[in-house]
Amino acid sequence: MLTGRQLYLLRIKDTDISDSQLSEMLGISINDILIYEYGIKEIPAEIYEKWKSILFD
């Protein structure tokens, strides 16, 4: 499982998806995205799978 920080780095390096776009795609707030990317909270499994599919598809 990738960490939130690794997902963040993949997103900014490989895609042009902004925080607000990712928020809409995942159905969570921008604040939640930041909490997960900075490792404050673990990413729930269902959100992680959606997030991964957005970055790798």
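Residues numbered from 1 in each chain as written. Predicted model: local features only at pLDDT ≥ 70, side-chain atom pairs only at ≥ 80, totals over all residues. Heavy atoms only, no water.

### Comments concerning the nonpolar core
One recurring pattern in soluble globular proteins: nonpolar side chains tend to sit buried together. For clarity, the threshold we go by: Grouping buried Ala, Val, Leu, Ile, Met, Phe, Trp, Tyr and Cys residues that are joined through side-chain atoms within 4.5 Å yields what is termed a nonpolar core. Remark: exposure states derive from per-residue accessible area (1.4 Å probe, protein chains only) relative to the maximum for the residue type, with buried under 20%, exposed over 50%, and partly exposed in between. Helix and strand definitions here come from DSSP, where helices need a minimum of 4 consecutive H or I residues and strands a minimum of 2 consecutive E residues; each element is numbered from the N-terminal end. Note on definitions: a residue-residue contact is assigned when non-hydrogen atoms from the two residues lie within 4.5 Å.
Ranked by size, the top nonpolar core spans 13 residues in total, and within it Tyr36, Ile43, Ile47 and Trp51 carry the most contacts. Listing elements by their share of this core, those giving two or more residues are α2 (19–26), α3 (30–37) and α4 (45–56). Here the element with the most residues in this core is α4; it accounts for 4 residues. In contact with tyrosine 36, other than residues within four places in its own chain, are Gly4, Ile28, Lys41, Glu42, Ile43, Pro44, Ile47 and Trp51.

### Examining the side chain of threonine 15
To be explicit about the condition: Within 3.5 Å is the distance limit for a polar contact, defined as a pair of N or O atoms, with the added protein rule that one can donate a hydrogen and the other accept it, and that residues adjacent in sequence qualify only through two side-chain atoms.
Note on placement: threonine 15 falls in the loop between α1 (4–14) and α2. From its side chain, threonine 15 meets the backbone oxygen of arginine 11 in a polar contact 2.6 Å long. Ignoring any residue separated from it by four or fewer positions in sequence, one finds threonine 15 in contact with Leu10 and Leu55.

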